[in-house]
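# Inside the fold
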Amino acid sequence: MSVDLIDFFSYFDPDLPHHVQAVAELEKAMPHTLLSPRAHWVRVYRQEVDQPKLEMVQDWPITKAQMGEIMGCSPDSLPDSLMDDYARCCETFKLDRINQAFFLGQCGHESAGLRYPVEIHDGSNYEGRADLGNTEPGWGVKYAGTGWLQMTGAFNHRAFSDYLTSIGKPDPKVMEIGKVYTSEVYPWLCSGFWWYSNGMVELCKNNPNVDEVGARVNGRYLPNGYEDRRKYTERAFHVLGC
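Basis of the calculations
Residues numbered from 1 in each chain as written. Predicted model: local features only at pLDDT ≥ 70, side-chain atom pairs only at ≥ 80, totals over all residues. Heavy atoms only, no water. Helix = DSSP H or I, 4+ residues; strand = E, 2+ residues; numbered from the N terminus. Buried < 20%, exposed > 50% of the residue type's maximum accessible area, 1.4 Å probe, protein only. Contact = heavy atoms within 4.5 Å. Areas by Shrake-Rupley, 256 points an atom, 1.4 Å probe, with all protein chains shown as cover. Patch = residues over 30% accessible without salt bridge, like charges linked within 9 Å, V, L, I, M, F, W, Y side chains within 5 Å. Salt bridge = Lys/Arg side-chain N within 4 Å of Asp/Glu carboxyl O. Polar contact = N/O pair within 3.5 Å; in protein donor to acceptor, adjacent residues only side chain to side chain. Phe/Tyr/Trp six-rings, centres within 6.5 Å; stacked < 30°, edge-to-face > 60°. Core = buried A, V, L, I, M, F, W, Y, C linked by side-chain atoms within 4.5 Å. Expected span 1.5 Å × (residues − 1).

Scanning the protein from N- to C-terminus turns up 15 helices and zero strands. When the 242 residues of the protein are sorted by exposure, 43% land in the buried category. Long-range contacts, defined as pairs at least 24 residues apart, comprise 61% of the intrachain contacts of the protein with a sequence gap of at least 6. Summing over all exposed atoms, the protein offers an accessible surface of approximately 13300 Å²; the carbon and sulfur share of this is 54%.

Residues L5, F9, F12, V20 and L26 make up a contiguous nonpolar surface patch of about 390 Å² in total accessible area. Inspection of the secondary structure puts F9 in helix α1 (residues 5–10).

Evaluated as defined, the whole model comprises seven salt bridges. Where K94 meets E91, a salt bridge forms, and the shortest distance between an N and an O atom there is 3.0 Å. Comparing K94 with E91, the two get one shared label, exposed. Residues D211 and R230 are paired through a salt bridge, measuring 2.6 Å at the closest nitrogen-oxygen approach. Of this pair, D211 sits in helix α14 (residues 210–218) while R230 sits in helix α15 (residues 226–240), and the two are 19 residues apart along the sequence. Of the residues examined, D211 reaches a relative accessible area of 6% and is grouped as buried. On the accessibility criterion, R230 (31% relative accessible area) is partly exposed.

In this structure, N134 sits in the loop between α7 (97–110) and α8 (139–142). Judged by its relative accessible area of 2%, N134 is buried. A polar contact of 3.0 Å, which involves the side chain of N134, links it to the backbone nitrogen of A154. Discounting residues that sit within four places of it in the chain, N134 has contacts with Y126, G128, R129, W139, G140, Y143, G153 and A154.

The tally for this structure, following the rule as stated, stands at 13 aromatic pairs. Ring geometry for F103 versus W195: centroids 5.2 Å apart, planes at 65 degrees, classification edge-to-face. Highlighted residues: F103 in helix α7 and W195 in helix α12 (residues 187–197), separated in sequence by 92 residues. On the basis of relative accessibility, which here comes to 0%, the residue F103 falls in the buried class. On the basis of relative accessibility, which here comes to 0%, the residue W195 falls in the buried class. The interplanar angle of 45 degrees and the centroid separation of 6.5 Å between the aromatic rings of Y163 and Y196 together place this pair among those described as tilted. With a gap of 33 residues between them, Y163 in helix α9 (residues 153–166) and Y196 in helix α12 connect regions that are remote in the sequence. A residue is classified by how much of its surface remains accessible, and Y163, at 18% relative accessible area, is buried. Counting every residue linked through ring pairs, the aromatic cluster contains F93, F160, Y163, Y181, Y186, F193 and Y196.

Another aspect to go through is the nonpolar core. Formed by 45 residues in total, the largest nonpolar core has its most connected members in M67, F103, L104, F160, W188 and W195. The biggest single contributor to this core is α12, with six residues. For W188, the contacting residues outside a window of four places in its chain are M67, M71, L82, D85, Y86, C89, F103, L104, C107, L114 and W148.

So, about the side chain of T233. The residue T233 is located in helix α15 in this model. Residue classification places T233 among the buried positions, given a relative accessible area of 1%. A polar side-chain atom of T233 sits 2.8 Å from the main-chain carbonyl oxygen of R229. Ignoring any residue separated from it by four or fewer positions in sequence, one finds T233 in contact with A101, F102, G105, Q106 and V210.

For α9, spanning 14 residues, the distance from its first C-alpha to its last is 20 Å, which sits close to the expected 20 Å at 1.5 Å a residue. When we look at burial in α9, the residues that qualify are G153, A154, H157, F160, S161, Y163 and L164. Looking at the packing, one finds that the buried side of α9 touches α6 (80–92), α8, α10 (173–177), α11 (179–185) and α12. Looking one or two residues past α9, G168 carries a phi angle of roughly 80 degrees, positive in sign.

Below, the structure is given as structure tokens:
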């Protein structure tokens, strides 16, 4: 028998320490995606309606159970909207099974198993970085790393926004809101855009060494966290039957 949260919170009293402690424990157990201010339940609670009108996806390339096994998370923590975005990513960038395995392996490491769709640091260290296109005050924070592969900077956000426009799916909120929006709506698609734009699709068609793929993502060889990247990638290949 499961707990009815509506009934549960009807008795919540912030003046009772054990009530506060219980909610704190619940918060710790929740995946990062559900604690985002752009999470669907938060927007419903706040009566916000700002999601783009995306077509429903009929079939996902992999199941929630497979995604959960690869990422080491519960399938129940993966909302349909996240799986829809993954499906659109695979379709848009033509990711075959092998490309998906390499892609999921790198995304798994970079996001700690889909826990962090946005960079942990607030992005203030990117302020004034002209090489990232952050030419206005506040843009370092606004356009900090987003998506599972940490698309960073106004320049890359603009490139992604322009790409959406080029395929007939313009979304001005990518630039208007920045990381808070893209990390919630396009965590897979913006990561796939980076993957595609940096030649990773072609690279992975040749079945390269996992460390070579990681080096292209991380910028160094051996890449940071190479053992963890190997583990995620090995699981992905196993689950996808590549």
